[in-house]
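These are the residues of each chain, in order.
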Amino acid sequence: HLTLQMDNSGKYNKNQYVMAFCSELVSRGVFETVQMSFLMVGHTHEDVDALFSKVSKQVKYKEVSTLLGLMAEVWECESIHPVPRLIQEVAAYKEYLKTFQVKEIEGHSKPVAFLFSMRDNVPLYQYKAHVKQPWYPPTGRSIWRTDPNTNALILPEGQPLAKLISR
């Protein structure tokens, strides 16, 4: 089971790509369920914000002119020594997903949580408009389209290609 607590951003976190990725994680058996919850507007300060605040204080009066210098300062800023890593490539998931039939998602900006799970070998999602409400719809929805000839879901296959991060 994977639980994600995310910033309530429709542009970055509440979109068909993130939803498809969560659905794919359960359809491939990586997790039995993925629950994605969103922080309330105005209350989006998380642990990572506290860490960035400490990094900001660490480098405030220092001249840090290289990425390696910044990584060293991040290492020194906290007693638990967060380990910075240089990521040079990521999965080109958006491009990968374009080859599959993802349904357009509507009404996804209001819910505060989504639950992705498998039911009868079909990856489904449900949502809550408020924390105290039950998951809706009770039977779930699939984000994936069906093949018009076979009526089978068109699920992603293979792996996304690597994409270099430009500097």
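Cut-off values and rules
- Residues numbered from 1 in each chain as written.
- Predicted model: local features only at pLDDT ≥ 70, side-chain atom pairs only at ≥ 80, totals over all residues.
- Heavy atoms only, no water.
- Phe/Tyr/Trp six-rings, centres within 6.5 Å; stacked < 30°, edge-to-face > 60°.
- Helix = DSSP H or I, 4+ residues; strand = E, 2+ residues; numbered from the N terminus.
- Buried < 20%, exposed > 50% of the residue type's maximum accessible area, 1.4 Å probe, protein only.
- Lys NZ or Arg CZ within 6 Å of the ring centre and 35° of its normal.
- Core = buried A, V, L, I, M, F, W, Y, C linked by side-chain atoms within 4.5 Å.
- Contact = heavy atoms within 4.5 Å.
- Pairing = 2+ DSSP bridges.
- Axes fitted to C-alpha atoms, helices over the stretch in contact; angles between N-to-C directions.
- Arc of directions from axis to C-beta.
- Salt bridge = Lys/Arg side-chain N within 4 Å of Asp/Glu carboxyl O.
- Polar contact = N/O pair within 3.5 Å; in protein donor to acceptor, adjacent residues only side chain to side chain.

### Some thoughts on the packing of aromatic side chains
Under the counting rule described, the total for this entry stands at nine aromatic pairs. With 6.1 Å between their ring centres and 90° between their planes, Phe38 and Phe114 make a pair best called edge-to-face. Of the two residues, Phe38 sits in strand 2 (residues 33-38) while Phe114 sits in strand 4 (residues 113-119), which places them 76 residues apart along the sequence. Each ring, one from Tyr93 and one from Tyr96, has its centre 5.6 Å from the other, and the planes form 45°; the classification is tilted. Here Tyr96 and Tyr93 lie together in helix 4 (residues 93-97), a separation of three residues that amounts to about one turn. The exposure class assigned to Tyr96 is buried, which follows from its relative accessible area of 8%. Through successive ring pairs, a cluster of aromatic residues spans Phe38, Phe114, Phe116, Tyr125, Tyr127 and Tyr136. For Lys14, the ring lying beneath its charged end belongs to Phe38, and the centroid distance is 4.6 Å. Sitting over the face of the ring of Trp135, Lys128 holds its NZ or CZ atom 4.7 Å from the ring centroid.

### Focus on the nonpolar core
A general tendency of soluble globular proteins is for nonpolar side chains to be buried together. By size, the foremost hydrophobic cluster in this structure holds 22 residues, and its most contacted members are Met19, Met36, Phe114, Phe116, Tyr125 and Ile143. Elements with a contribution of two residues or more to this core: helix 1 (16-27), strand 2, helix 4, strand 4 and strand 5 (122-128). Residues within four places of Met36 in sequence aside, it is in contact with Leu4, Met6, Asn13, Val18, Met19, Cys22, Val112, Ala113, Phe114 and Phe116.

### Here's the deal with unusual backbone geometry
For the bond running from Tyr136 to Pro137, omega is -15°, close enough to zero to count as cis. With respect to the helices, strands and loops of the structure, Pro137 is situated in strand 6 (residues 136-141). In this model, Asp120 sits at a positive phi of 55°, which is unusual for a non-glycine residue. With respect to the helices and strands, the residue Asp120 is situated in the loop between strand 4 and strand 5.

### Some thoughts on the sheet that holds strand 2
Read from one edge of the open sheet, five strands run 1-2-4-5-6, paired in mixed fashion. Edge positions in the open sheet fall to strand 1 (2-6) and strand 6, since each of these has one partner strand only. Recorded for the sheet is a direction-independent mean angle of 20° between the axes of neighbouring strands. Helix 1 rests against strand 1, strand 2, strand 4 and strand 5 of the sheet, and its axis sits at about 35° to strand 4.

### Side note on helix 3 (residues 67-76)
Three or more residues of helix 3 are buried, namely Met71, Glu73 and Val74. Looking straight down helix 3, one finds its buried side chains confined to an arc of 160°; they lie on one side.

### Structural notes on the pattern of salt bridges
One pass over the structure, following the stated rule, counts three salt bridges. The partner of Glu73 in a salt bridge is Lys62, and the shortest N-O contact between them spans 3.1 Å. On the criterion of sequence distance, the pair formed by Glu73 in helix 3 and Lys62 in the loop between helix 2 (47-59) and helix 3 is long-range, its members being 11 residues apart. Glu73 gets classed as buried once you look at its relative accessible area, which sits at 17%. In this structure Lys62 comes out as partly exposed when scored by relative accessible area, which is 42%.

### As for the environment of Gln126
Residue placement: Gln126 occurs in strand 5. Exposure remark for Gln126: the relative accessible area of 7% places this residue in the buried category. Among the polar contacts made by the side chain of Gln126, one reaches the main-chain carbonyl oxygen of Pro138 at a distance of 3.3 Å.

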